[in-house]
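The primary structure of each chain is shown beneath.
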Amino acid sequence: MSSSASMTSGVAGRYATALFDLAKEGNDLDKVEADVLALEDALSVSPEFREVLASPVHSRDEHARMIAAIADKLGHGVVVKNTLGLIARNRRLFILPELIEQMKALIADERGEITAEVTTAKPLTDEQAGALKETLKASVGKDVKLDVTVDELLIGGLVVRVGSRMIDTSIRSKLAQLQNVMKEVG
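A brief look at the structure comes next. No experiment lies behind these values; they were computed from the predicted model shown.

Looking at a nonpolar patch on the surface
In step 1: Taken together, the side chains of Ile155, Ile171, Leu175, Leu178 and Met182 present a nonpolar region at the surface, about 490 Å² in accessible area.
In step 2: By the secondary structure assignment, Ile171 is in helix H8 (residues 171–185).
In step 3: Overall, the relative accessible area of 39% leaves Ile171 in the partly exposed class.

See below:
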């Protein structure tokens, strides 16, 4: 029997693939991407929305009505709205975060892009972000989209994750390395 996480990933993957195919077929990929990103933003700022997704208390119809109202409020197109309705009726709203991630990956792959997760001590300027994109593009051979988060605990520098590769040039990691070396010496 497969684990719950892999089952969720599989279910989210099937919905994401179907949504992606519908978007491509309808030549509507940009609108669907915008809708998916708006949904991601709504999930990130609303704990109530996340609670509703996981709640088994509501009926299928209640979930479908709630998700339709949210889709209307966010201005989603027909393709995304219908997909969300189907997911709600099938009581699979809990997969939305994974579906969003897989949709973003499918769209990026279609465009020949790769996403780099970047953690910095301070927000990057446009010039720094552009230079980082160009450096990473030269390294990986694809257009790079940056997903930047700020973590002041890094003190300085940055941590970059592209696929399975990680580059850590933060001062925090350098201090930790120095601390380990000092422990070995003394």
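Observations concerning unusual backbone geometry
In step 1: Even without being glycine, Asn27 reaches a positive phi, approximately 55°.
In step 2: Here Asn27 shows up in the loop between helix H1 (4–25) and helix H2 (29–45).
In step 3: Backbone geometry at Ile155 places phi at a positive 70°, although glycine is not the residue there.
In step 4: Mapping Ile155 onto the fold places it in the loop between strand E2 (143–150) and strand E3 (158–162).
In step 5: According to the relative accessible area criterion, Ile155 is exposed, its value standing at 53%.

Considerations on the packing of H2 against helix H6 (residues 96–110)
In step 1: At a minimum axis separation of 10 Å, H2 and H6 run at an interaxial angle of 145°. Considering only the axes of H2 and H6, their crossing is left-handed. On H6, the residues that touch Leu29, Val32, Glu33, Val36, Leu37, Leu39, Glu40 and Leu43 of H2 are Leu96, Pro97, Ile100, Glu101, Met103, Lys104, Ile107 and Glu110.
In step 2: A breakdown of the residues in the contact of H2 with H6 according to their chemical character gives eleven nonpolar, no polar and five charged.

Rules of the game
Residue numbers run consecutively from 1 along every chain, following the written order of its sequence. Side-chain atom pairs in this predicted model are given and counted only at pLDDT of 80 or more, local residue features only at pLDDT of at least 70, and totals for whole chains, interfaces and linings cover all residues. Water and hydrogen atoms were dropped before computing side-chain values, which therefore reflect all heavy atoms in the structure. For patches, a residue must show more than 30% relative accessible area and have no salt bridge; joins then use 9 Å for like charges and 5 Å for nonpolar side chains, namely Val, Leu, Ile, Met, Phe, Trp and Tyr. Surface exposure here means Shrake-Rupley accessible area, sampled with a 1.4 Å probe, where a residue is shielded only by the protein chains that are shown. The term salt bridge refers to a pairing of a side-chain nitrogen on Lys or Arg with a carboxyl oxygen on Asp or Glu at a separation within 4 Å. Secondary structure follows DSSP: runs of H or I at least 4 residues long count as helices, runs of E at least 2 residues long count as strands, and numbering of each begins at the N terminus. Relative accessibility thresholds used throughout: buried, under 20% of the residue-type maximum; exposed, over 50%; partly exposed, between the two (1.4 Å probe, protein chains only). Every axis corresponds to a line fitted to the C-alpha atoms, with the helix fit spanning only the stretch in contact, and the corresponding angles, defined between N-to-C directions, vary from 0 to 180 degrees. Should the near helix be turned anticlockwise from the far one by less than a right angle, the crossing is termed left-handed; should it be turned clockwise, right-handed. The contact rule is simple, with two residues in contact once any of their heavy atoms fall within 4.5 Å. Classes in brief: Ala, Val, Leu, Ile, Met, Phe, Trp, Tyr, Cys and Pro nonpolar; Asp, Glu, Lys and Arg charged; the others, Gly included, polar.

Everything listed here is a matter of coordinates, which is why it stays silent on function.
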